[in-house]
Amino acid sequence: MADLDVVVVGAGFAGIYAVHALRSAGLTVRAFEAGGGIGGTWFWNSYPGARCDVESKDYSFSFSPELEQEWSWSERYPAQPEILRYLGHVADRFGLRPHIQLNTRVTAAVWSEDEALWSVTTDDGAVVTARFFVSAVGCLSAYQVPSLPGLETFEGSWYHTARWPAEGVDFTGKRVGLIGTGSTGIQVAPEVAAVAAELYVFQRTPNYAVPNRNRPWEPEAERAFKSRYREYRKEARESFLGVPITGTGRPVLDEPPEDVQRTFSERWRAGGGMPFLGAYTDLLVDQAANDVIAEFMRDRIRETVDDPAVAELLCPRTFPVGSKRLCQSDDYYAMFNRPNVTLVDLRSTPLSAVSAGGLSTTSAFYELDAIVFATGFDAISGALRQIDVRGTSGVALADQWAAGPRAYLGVAAAGFPNMFIVTGPGSPSVLSNMALSIEQHVEWIRDCIGYLSAHGYGTVQATSDAEDAWMAHVTEVAYSTLFPKADSWYIGANIPGKPRVFTTYVGGVGPYGSKCDEVAAAGYPGFALGVP
Ligand SMILES: Cc1cc2nc3c(=O)[nH]c(=O)nc-3n(C[C@H](O)[C@H](O)[C@H](O)COP(=O)(O)OP(=O)(O)OC[C@H]3O[C@@H](n4cnc5c(N)ncnc54)[C@H](O)[C@@H]3O)c2cc1C
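Summarised in this report is the structure supplied together with it. All of these numbers come straight from a predicted model, not from anything done at the bench.

**Things to note about the site of the ligand**
Next up, step 1: Around the ligand lies a shell of 35 residues, among which E33, T41, D53, Y59 and M434 are the nearest.
Next up, step 2: The backbone of T41 places a nitrogen or oxygen atom 2.7 Å from an oxygen atom of the ligand.
Next up, step 3: Side-chain polar atom of W44 to an oxygen atom of the ligand: 3.0 Å apart, as the coordinates give it.
Next up, step 4: When isolated, the ligand has an accessible area of 980 Å², and the protein chains bury 96% of it.
Next up, step 5: Elements with a contribution of two residues or more to the shell around the ligand: α1 (13-24), α2 (41-44) and α15 (434-454).
Next up, step 6: Of the residues forming the shell around the ligand, the biggest block, three residues, is contributed by α2.
Next up, step 7: Residues that form the shell around the ligand fall into these classes: 20 nonpolar, 11 polar and four charged.

Shown next, in the form of structure tokens:
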């Protein structure tokens, strides 16, 4: 007899909601969280400038109409402290904290075929057993520090944005080096530049950034919006990205150039990445179409940055717009007009070493008091692979995923009975509004467990055939788009030695949700159901 019905790992958006949904379904649940607080991404990433890039009205839970009416977001794109407060409020409002054990890392999870239960070991040596094991470890939680020779000799301080000190960091008057110019680097840089004596931005790959046009959410607009929140949430669930976007519905290549410029300019003025990419139907599938939006964006960089040579270095050219996460910032490019900001081009002069006093490239030495790594994550599979997960016959998940992570419907791995992965490989996850994708997965998992109980089953596992077919479909859809063209973290290119596999489902949140619903309604084809 298991100690619990369900063990959940992680207490971010996914873990919090899993605890609530599964407990509400009458199950006994405990979540283990490595961090000292709940919130996941929003607990750890407390660097200055951290904020969401999906609007708060979308990037929030929809499961409770009361919650969404009660809670007021202050801004269109709230900053990290507010999102963390929101998640704390959710935990308190639904009485979840007693069921979440903080400061506890899950180190191993082993399936016992004889007993049909999972034995879950934590870093304090405790072992707990459960009928079901739910991974809510996060797609972007295993952070990466690049292995730079000499980093241990650096006499200044260094920080990774995903492990930012809770008490904050004062860069006033300091010489700071920033490594990493993705979404996070672009958010943190202007904040550091505003106070530091010098900011050196070490850039290997320039990125596209669209403006946020962040603004307060005025009470009147909020009231008007909230009066149709339920309908809006339904539209979001049926949408492509998990956010209802109004596009032209036409290919950009068929449009007169002046109309294209007008459409892009309007969306540039309105801000936000998703409306931009959703403007035309061919932007993410046709290179020639993508070149149109790319040139529009490069023109915006050129008109913002005073020094033409710096502007050219900031212009991305090596990957299609949107094939890496489209960054959002109101002040990143303009920051390069400040006298205390220097762009260092690592393509022409790569980093060579860190020493006591700073960083060297192949052509210069930069004296630094602090280094900020905004170098991202071992995405999608990294955090789960850090747990020794063993399924049927002791097979290790890490071995099964040696050629790349895979899961039927992005939620269940073959050979790992009664284990579910929230926003796992093969689901829309990081290419969607994740709050919505998390809810959809958690509810599907809850309903699947409910189905087993109602029909006298004790176990469920994806079949290898179903997993193979699903991942083949995921790959086929991905390769009909421009996404795999980029050396991105979506494809594992940021982690040395990681297999280069595109495992995110780009067929759309709405169609994906329908497929999951169909499988559930048909009695879970593609899964082997077993008696207890
Ligand atoms: C800076 C930043 C901004 C983002 N902005 C957006 C946005 O605007 N819109 C969007 O859709 N997405 C955004 N994301 C993606 C974001 O990760 C998800 O939206 C969402 O927060 C993920 O929630 P989660 O619960 O799945 O994972 P997480 O929030 O990552 O939580 C996972 C938790 O699991 C814990 N954990 C991991 N392994 C173990 C273990 N072995 N034992 C115990 N605990 C463990 C971790 O400590 C972590 O707290 C952003 C990500 C980052 C990093």
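**Comments concerning helix α17 (residues 509-521)**
Next up, step 1: Spanning 13 residues, α17 covers 18 Å between terminal C-alpha atoms, matching the ideal 18 Å at 1.5 Å per step.
Next up, step 2: Turning to α17, its buried residues number three or more, namely V509, G510, Y512, G513, C516 and V519.
Next up, step 3: Looking at the buried side of α17, the elements it contacts are α7 (229-238), α15, α16 (464-478) and β20 (527-530).
Next up, step 4: G523 occupies a position one or two residues after α17 and carries a positive phi of about 85°.

**Concerning the side chain of R76**
Next up, step 1: Here R76 lies in the loop between α3 (65-70) and α4 (80-93).
Next up, step 2: On the basis of relative accessible area, R76 is assigned to the buried category, the value being 7%.
Next up, step 3: Within polar-contact distance, the side chain of R76 engages the side chain of E55 at 3.3 Å.
Next up, step 4: One polar contact links the side chain of R76 to the main-chain carbonyl oxygen of A270, over a distance of 2.8 Å.
Next up, step 5: Leave out the neighbours within four places in its chain, and R76 touches E55, S56, N212, R213, N214, R215, A270 and G271.

**Regarding the packing of aromatic side chains**
Next up, step 1: Going through the model one piece at a time under the given rule, you end up with 45 aromatic pairs.
Next up, step 2: Ring centres 5.0 Å apart and planes at 55° place the aromatic pair F13 and F61 in the tilted group. Of this pair, F13 sits in helix α1 while F61 sits in the loop between α2 and α3, and the two are 48 residues apart along the sequence.
Next up, step 3: Ring pairs connect the aromatic residues F13, Y17, W42, Y59, F61, F63, W71, W73, Y86 and F94, which therefore count as one cluster.
Next up, step 4: Of note, R163 hangs over the ring of W44, and the distance from its end group to the ring centre comes to 3.6 Å.
Next up, step 5: The residue whose ring lies beneath R300 is F296, and the NZ or CZ to ring-centre distance is 4.4 Å.

**Side note on the sheet that holds strand β7 (residues 157-160)**
The strands that make up a sheet pair up through hydrogen bonds in the backbone, lying either parallel or antiparallel.
Next up, step 1: If you trace the five strands from one edge of the open sheet to the other, you get β7-β16-β8-β9-β12, paired in parallel fashion. For this open sheet the edge positions go to β7 and β12 (341-345), each flanked by a neighbour on one side alone. On average, adjacent strands in this sheet sit at an angle of 20° to one another, irrespective of strand direction.
Next up, step 2: Strand direction decides the pairing type here: strand β8 (residues 175-179) and strand β9 (residues 198-203), joined by five bridges, are parallel. Each bridged residue has a counterpart across the sheet, and for R175 the counterpart in β9 is E198.
Next up, step 3: Those strands touched by helix α5 (residues 183-193) are β8, β9 and β12, and its axis lies near 170° from that of β8.

**Quick word on the packing of α15 against α17**
Next up, step 1: Their axes nearest at 11 Å, the elements α15 and α17 cross at an angle of 5°. As judged from the angle between their axes, α15 and α17 are roughly parallel. Contacts between α15 and α17 involve L436, S437, Q440, H441 and W444 from the first element and V509, Y512, G513, C516, D517, V519 and A520 from the second.
Next up, step 2: When grouped by side-chain class, the residues that make up the contact of α15 with α17 number seven nonpolar, four polar and one charged.

Calculation rules
- Residues numbered from 1 in each chain as written.
- Predicted model: local features only at pLDDT ≥ 70, side-chain atom pairs only at ≥ 80, totals over all residues.
- Heavy atoms only, no water.
- Near = heavy atom within 4 Å.
- Polar contact = N/O pair within 3.5 Å; in protein donor to acceptor, adjacent residues only side chain to side chain.
- Areas by Shrake-Rupley, 256 points an atom, 1.4 Å probe, with all protein chains shown as cover.
- Helix = DSSP H or I, 4+ residues; strand = E, 2+ residues; numbered from the N terminus.
- Nonpolar A, V, L, I, M, F, W, Y, C, P; charged D, E, K, R; others polar.
- Expected span 1.5 Å × (residues − 1).
- Buried < 20%, exposed > 50% of the residue type's maximum accessible area, 1.4 Å probe, protein only.
- Contact = heavy atoms within 4.5 Å.
- Phe/Tyr/Trp six-rings, centres within 6.5 Å; stacked < 30°, edge-to-face > 60°.
- Lys NZ or Arg CZ within 6 Å of the ring centre and 35° of its normal.
- Pairing = 2+ DSSP bridges.
- Axes fitted to C-alpha atoms, helices over the stretch in contact; angles between N-to-C directions.
- Parallel < 35°, antiparallel > 145°, perpendicular 65-115°, else oblique.

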